[in-house]
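Fold and contact review
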Amino acid sequence: MSGFIYEKDADGIVTITMDMEGSVNAMTEEYRGTMEDTVTRLEAEESMTGVVFASAKDVFFAGGNLNELVEAQPGDEEDYMEGLEAVKGHFRRLEKLPVPVVAAINGAALGGGFELCLGCNYRIAWNNRSVKLGLPEVNLGLLPGAGGIVRTVNMLGLQNALPYIMEGKQITPDKALEAGLINELVDTKEELVSRAKAWILENKDNEEAKSQPWDRKGHKIPGGDTNNPQVAQLLVMSPAMLLQKTKGLMPAPETILDCAAEAARLSFDGALKVESRGLTKLVMTPVAKNMITTFFFQMNQVNGGASRPKGIEKTDVKKVGVLGAGVMGQGIALVSAMAGIEVVLKDLTVESAEKGKAYSDKTLSKRVARGRMTEEKKAGILSLIKPTANNEDLQGCDLIIEAVFEDINLKKKIVQETEPFLAENGTYGSNTSSLPIGRLAEASLNPENFIGIHFFSPVDKMPLVEIICGDKTSQETLAKAFDYSQKIKKTPIVVNDSFGFFTSRTFGSYLDEGVQLLKEGFHPVALDNLANSIGMPLGPLAIYDEVSLSTSLKASASAEELGLLDVHGDSTITRGVMSTMVEEHGRGGRHQGGGFYQYGEDGSKEIWPGLYDLYYNKDLEIPSEDVKDRLLFRQVIEALKGLQEGVVHSVADANIGTIMGIGAPAWTGGLIQFVNTYGTQKFVDRATELAEKYGDRFAPPAIAVEKAEKGELFV
Amino acid sequence: MPHPVYIYDAVRTPRSKGKKDGSLYTVKPIDLGASVLKAMQSRLDLDTSYVDDAVFGCVTPIGEQGGDVTKMIVANAGWDQSVAGVQLDRFCASGLEAVNIAAQKIASGWEDLVVAGGVESMSRVPLGSSGGAMGADPEFVFKNGFIPQGVAADLLGTLDGHTREEVDAFAVESQRRAAHARDNGYFDKSVVAVKDNNGVTVLDKDDFIKPETTMEGLAKLKPAFEMPGQFGFNDVAISKYPQVSKVNHIHTPGNSSGIVDGSSAVLVGSEKAGKDLGLTPRARIVATAVLAVEPVLMLAGPAPAARKALKKAGLQASDIDLWEINEAFSSVALRYMSELEISHDVTNVNGGAIAMGHPLGATGGMLVGTMVDELERRNLKRGMISLCVGGGMGISTIVELV
């Protein structure tokens, strides 16, 4: 029984201490044999009074083997199902032992780890925030297939179980106790096993302690089974509520809802079987492969610093200067202060700077009001932010980030004015979504210390930072920007200094395709709705209204000045539409009194009727599938070009960047990963077909053609 | 003149114990039903947009089987959106009634292609859970009289003077014939595997049959309907049939039909449908009949229904080569054979519901397939299918190969 320490004490209690090879206990190959041997031994154990499951690691038990899940392919269903039935069979045998089985939970128990806990008769957890409990499988396109759905439904009832299984809600032990998912808390880790043993002894005459509720006669699911009118009503409403969020693009929550309904309808063992089939089905889906690949493996790669230069010592920014207290600047100030960094927030006037700081006050006060932060903590964070109008206050900053208006001349001027106050060998960062870093760096005396740090709005909510290296930017500077991003709890991707960098350029292609469809005469309402139906959070027209059509027009003018107009493709159509909308019809965008949409006082919006007269052609026939693919393929092709041109350094950075930065649909696993499961050859064929029908912008990039020819994936 | 009605195909699921430990318990009724429709579509390469309607029997149409389950099955099978669906309930005759109604739709000339059959997941939607006035409305019961079917089967056996040994012997033979037929592939033409949503086979052959059944084994089983009889139903029976001194409780789970899950589908159409779709008819529906007899005895309708069908068809019993009588209870089959003066040698030649189970709404459609398969296998011409039905009804259908 390698990995499990099996000890029986004088009271007849067997303690299984899980101490597997590697840093955590997990459902590896080793686990399966070990668990099988352990359960078999427990079943044969004589004069046993109870069993305690404990862990010798910091994590109690860490779920399934994701490598195995990614490798399973259609055709493997029967084998996969068999393996799964064995794993869940162990838990079933455990809970049917004639003695109480107790989980002594000393650390995180997520996914399969928590399912092990649910398969015990009693659960005691260390009351500490590090002990995260839950069933997050849905976030990787999977479902809790080792009894997680069936046990939570039988334990909590269908409605109460759904947040944990269908939304993957994770909770701390105190909340889990409240929810009824665990039974008892202890204050220190050291008490866990002794308390578990004491509970077994206290309950030696209690028959109920030895069985699960669902194995007792007369068991009723809390809230009722599917014959209960309220449960039946819930089942009528739930699919629609789910589709509202997922647009039918996410097989996992749909399958979970169905398995949960079956759990509320069938016998316990029947429902376990249905749950196994559900997971088997999900494991084979491209969506699960995409989500596991990107959200787990590539996320670990990115956060693990794969794009950070090697061999440079970790840096630690202590004082940051933020120039411009507008929307971006105030957000950067907030996230920096929250990371314990001293912030100098500078604007033209102290009033403006104070206003920028007020944003932090307002945001943190909300947290305090919700009980998520103490007044002291808030005061501490606010005290780190110094609003000012004086450049001299920037003295000693080891990082300055300018976040002023996107005007290259203004930015250059600011750089020249403020760089002298930077600490020796300090880093100068520019927050820009598209201006060339190399040109901005011309204003700097130390261009090797100059770097682009592209934040996304709203800064305190968006998890991504795009770091842009100019041609002179040093590896040390990159490392520093990378470390700073991580310190403020952002995920950094690293890109090169090409116009629009990686994210803006890719996103721009999506917006451009939307406007092209509009110009061709496609129905504007259907356009944004079809964009939603592929999983884009907002349609192209809605986005244009938010960023404003006027701004977009100005950006084109600025690109033209820089000699960078249309470097990534002809944008004549989009520019024409923008100019018609803004200059002829005064439709500048949402905050300019309306753009593609018109806005009601009550916050409602509808397509501006003028659009129909300007562009709509009711005789135009474009299949919906083509519209959806055009909106998606344009972005994918642009992302591939970014990868091909070396703008983005790695597939992982590209995937994470598109997901976190520009709202690429989660089901794709990022715009590059999409190609892998769509099929590289199929992608090339479809892109070629679209190119023939709609124009050369859909021609498959060489990098995709090459992968298809070699039969390789983007990794 | 009615238009000729052809049977173009017939498929059915295997049958399995209709309880929580049965093989088909984890299969939803809409999936069970869809599995036969999918199989039929695929083996005929059927253009389902040609199908006018789907008529499925289901005797417990509540919960998962409620709300016109047939339309949901049609949709779940991925058949064309234009195909309608209706669920009907004529108790145990529902499946055959579905075939007969489909036949009448075609005969009228008003429709050209109809899929008929039935579905019943007795493990998931238990027998009797849909209620009904027949046994549970006191006013109705006082006026019309009612005894449970099992007691009625015992009454029928008592009236006919059958002994426990006779009904057990019939059951042993049913098991032997069913096992022989299954193991020699006689059912393979029609039985299609039920698969889960991963395409993994859940069940591909009947697994309810108990070939090891012996007289000795059956003799050990306790009468199943003695207790309800003693509660008062025996007295109700005797008040209706005063010549009976004592109801002889001869039926047990071993010589009654089994509670199972299953689904069936029969493709019924006009000559034109066959031509348009390039389908070859396998059989013709010659006549259908339904009637009712005395409702307390309840189970004596099949033979009268068979005679009614023969009369409609202008045939004699001697014109029928093979007979199928649903083995709801042994006494029902024995009564049917004696009343029609036919031999067990030509009746239920591949066993019946005692061995394979009786998935209420699906059974009639299954019997049509079984009959057509066997007529083809034996190179015979004509077959009669009959079932006893709650409320004293009986139903019959005559098919002949073309």
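What you see is a predicted model, and the numbers here were worked out from it, not measured in a lab. (Residues numbered from 1 in each chain as written. Chains lettered and ligands numbered in written order. Predicted model: local features only at pLDDT ≥ 70, side-chain atom pairs only at ≥ 80, totals over all residues. Heavy atoms only, no water.)

Now for the overall build of chain A. When its secondary structure is counted, chain A shows 29 helices and 20 strands. The globule rule puts the C-alpha radius of gyration for 715 residues at 27 Å, and the 29 Å found for chain A is close to it. Dimensions along the principal axes, computed over C-alpha positions, put chain A at roughly 85 × 65 × 55 Å. Per-residue burial for chain A yields a buried fraction of 57% across its 715 residues. Contacts spanning at least 24 positions in sequence make up 74% of the contacts within chain A whose residues lie at least 6 apart. Here chain A displays about 29,400 Å² of accessible surface, and carbon together with sulfur accounts for 51% of that area. Measuring between centres, the 73 positive side-chain charges of chain A sit 4 Å from its 99 negative side-chain charges. (Helix = DSSP H or I, 4+ residues; strand = E, 2+ residues; numbered from the N terminus. Rg over C-alpha atoms; globule rule 2.2 N^0.38 Å. Buried < 20%, exposed > 50% of the residue type's maximum accessible area, 1.4 Å probe, protein only. Contact = heavy atoms within 4.5 Å. Areas by Shrake-Rupley, 256 points an atom, 1.4 Å probe, with all protein chains shown as cover. Lys, Arg positive; Asp, Glu negative; His and termini not counted. Charge placed at Lys NZ, Arg CZ, Asp CG, Glu CD.)

Residue and element names in this part refer to chain A. Here G111 is to be found in the loop between β6 (109-110) and α4 (112-118). On the basis of relative accessible area, G111 is assigned to the buried category, the value being 7%. Separated by 34 residues in the primary sequence, G111 and G145 have C-alpha atoms spaced 9.0 Å apart. Those residues within four positions of G111 in sequence are excluded, and the remaining contacts are G63, G134, L135, P136 and E137.

With that settled, consider helix α21 (residues 540-547) of chain A. All names here are of chain A. Burial of α21 is extensive: 6 of the 8 residues sit out of reach of the surface. For α21, the set of buried residues is P540, L541, A542, I543, Y544 and D545. Residue S548 follows α21 closely and has a positive phi angle near 85°.

What follows covers the interface of chain B and chain A. Accessible area lost during the coming together of the parts is what is often quoted as the interface size. Facing 11 residues of chain B, the contacting portion of chain A comprises 13 residues. It is B:Y25, B:T26 and B:N198 in chain B that bury the most area against chain A; as a group they hold 44% of the surface buried on that side. Summed over the shared surface of chain B and chain A, the result is 4 salt bridges. In this structure, B:R124 engages A:E262 in a salt bridge whose closest nitrogen and oxygen atoms are separated by 2.7 Å. Applying the counting rule to chain B against chain A returns 7 residue pairs in polar contact (both at pLDDT 80 or more). (Buried area = accessible area lost by both parts, 1.4 Å probe. Salt bridge = Lys/Arg side-chain N within 4 Å of Asp/Glu carboxyl O. Polar contact = N/O pair within 3.5 Å; in protein donor to acceptor, adjacent residues only side chain to side chain.)

Moving on to a negative patch on the surface. Together, A:D76, A:E78, A:D79 and A:E82 give the surface a local cluster of negative charge. Within the secondary structure, A:E82 sits in helix α3 (residues 77-95). (Patch = residues over 30% accessible without salt bridge, like charges linked within 9 Å, V, L, I, M, F, W, Y side chains within 5 Å.)

All names here are of chain A. Across the 6 residues that make up strand β2 (residues 13-18), a large majority, 6, are buried. The two faces of β2 match: I13, T15 and T17 on one face and V14, I16 and M18 on the other face are all buried. Direction of pairing for strand β1 (residues 4-8) relative to β2: antiparallel, over a ladder of 5 bridges. Among the inter-strand pairings, F4 is bridged to a residue of β2, identified as M18. (Pairing = 2+ DSSP bridges.)

Time to look at the side chain of A:E466. Residues and elements named next belong to chain A. Relative to the elements of secondary structure, E466 occurs in strand β17 (residues 464-469). Put simply, E466 is tucked away with no salt bridge, and the nearest opposite charge, on R505, sits 9.8 Å away. Here F502 takes part through its backbone nitrogen, which lies 3.0 Å from a polar atom of the side chain of E466. Beyond its immediate chain neighbours, meaning those up to four positions away, E466 contacts G452, I453, H454, F456, I493, V495, F501, F502 and T503.

Together, A:K362, A:K366, A:R367, A:R370, A:R372, A:K377, A:K461 and A:K489 give the surface a local cluster of positive charge. Top contributing element to the positive patch by residue count: helix α14 (residues 350-369) of chain A, with 3 residues.

This paragraph deals with a nonpolar patch on the surface. Residue and element names in this part refer to chain A. A cluster of nonpolar side chains, namely V236, M237 and M241, defines an oily patch on the protein surface of about 300 Å² accessible area. Its location among the elements puts M241 in helix α9 (residues 229-246). Residue M241 is classed as partly exposed on the basis of its relative accessible area, which comes to 49%.

Working definition: the strands of a sheet are paired by backbone hydrogen bonds and lie parallel or antiparallel to each other. All names here are of chain A. On the basis of which strands lie adjacent, the open sheet formed by 8 strands has the order β13-β12-β11-β14-β15-β16-β17-β18 and mixed pairing. Looking at which strands have only one partner, the edges of the open sheet turn out to be β13 (385-388) and β18 (491-496). Direction aside, neighbouring strands of the sheet carry axes that sit 25° apart on average. Alignment of strand β14 (residues 397-402) against strand β15 (residues 422-430), held across 5 bridges, turns out to be parallel. By the bridge assignment, I401 is partnered in β15 with G429. Packed on one face of the sheet, α14 meets β12 (342-346) and β13 and runs near 155° to β13. (Axes fitted to C-alpha atoms, helices over the stretch in contact; angles between N-to-C directions.)

Taken as a whole, chain B shows an average pLDDT of 97; of its residues, 100% reach a score of 70 or greater. Quick note on the complex model: pTM equals 0.94, ipTM equals 0.93. (pLDDT = per-residue confidence, 0-100.)

Below, the discussion takes up the state of the cysteines. The final tally for this structure, using the stated rule, is 0 disulfides over all chains. B:C388 takes part in no disulfide bond, and the closest cysteine sulfur to it belongs to B:C92, at a distance of 6.1 Å. (Disulfide = S-S within 2.5 Å.)

If you walk through the whole model with that rule in mind, you get 20 aromatic pairs over all chains. With 6.5 Å between their ring centres and 85° between their planes, A:F4 and A:F53 make a pair best called edge-to-face. Of this pair, A:F4 sits in strand β1 while A:F53 sits in strand β3 (residues 50-55); the two residues are 49 residues apart in sequence, bridging distant segments of the chain. The exposure classification of A:F4 matches that of A:F53, with both residues buried. Here A:Y612 and A:Y616 contribute two aromatic rings whose centre-to-centre distance is 5.9 Å and whose plane-to-plane angle is 85°, an arrangement assigned as edge-to-face. Residue classification places A:Y616 among the partly exposed positions, given a relative accessible area of 32%. One aromatic cluster in this structure is built from A:F633, A:W667, A:F674, A:Y678 and A:F683. One cation-aromatic arrangement involves A:K682 over A:Y678; the distance from NZ or CZ to the ring centre is 4.2 Å. When the ring centre of B:F208 is taken as reference, the NZ or CZ atom of B:K210 above it lies at 3.6 Å. (Phe/Tyr/Trp six-rings, centres within 6.5 Å; stacked < 30°, edge-to-face > 60°. Lys NZ or Arg CZ within 6 Å of the ring centre and 35° of its normal.)

Attention now goes to the pattern of salt bridges. Residues and elements named next belong to chain A. Summed over the entire model, instances satisfying the criterion amount to 73 salt bridges over all chains. Residue E546 pairs with R590 through a salt bridge whose shortest N-O separation is 3.0 Å. You can see E546 sitting in helix α21 and its partner R590 sitting in the loop between α23 (572-584) and β19 (597-599), a full 44 residues away along the chain. R590 gets classed as partly exposed once you look at its relative accessible area, which sits at 30%.

All names here are of chain A. An order of β1-β2-β3-β5-β7-β10 is seen for the 6 strands of this open sheet, with the pairing classed as mixed. Of all the strands in the sheet, the pair left with one neighbour each is β1 and β10 (184-186). Each strand axis lies, on average, 20° off the axis of its neighbour in the sheet, ignoring direction. As judged from the 6 bridges shared by β2 and β3, these two strands associate in the parallel manner. Looking at β3, one finds that V14 is bridged to V51.

A pair of packed helices can be characterised by two numbers: the angle between their axes and the separation between those axes. Residues and elements named next belong to chain A. In the contact formed by helix α25 (residues 624-644) and helix α29 (residues 702-710), the axes pass within 8 Å of each other and the chain directions differ by 85°. One element, α25, and the other, α29, form an angle in the roughly perpendicular class. Across from L640, L643 and Q644 in α25, the residues of α29 making contact are A702, I703 and A704. Class assignment of the residues belonging to the contact of α25 with α29 gives a composition of 5 nonpolar, 1 polar and no charged. (Parallel < 35°, antiparallel > 145°, perpendicular 65-115°, else oblique. Nonpolar A, V, L, I, M, F, W, Y, C, P; charged D, E, K, R; others polar.)

With that settled, the discussion passes to unusual backbone geometry. The omega angle of the peptide bond from A:S457 to A:P458 is -5°, so this bond is cis rather than trans. When you line up the elements, A:P458 lands in the loop between β16 (450-455) and β17. In this structure, A:K489 takes a positive phi of about 65° despite not being glycine. Structurally, A:K489 can be placed in the loop between α18 (475-487) and β18. Residue class for A:K489 comes out exposed when judged on its relative accessible area of 72%. For B:N379, which is not glycine, the phi dihedral falls at a positive 60°. Along the chain, B:N379 falls in the loop between α14 (360-378) and β11 (382-389). On the basis of relative accessibility, which here comes to 68%, the residue B:N379 falls in the exposed class.

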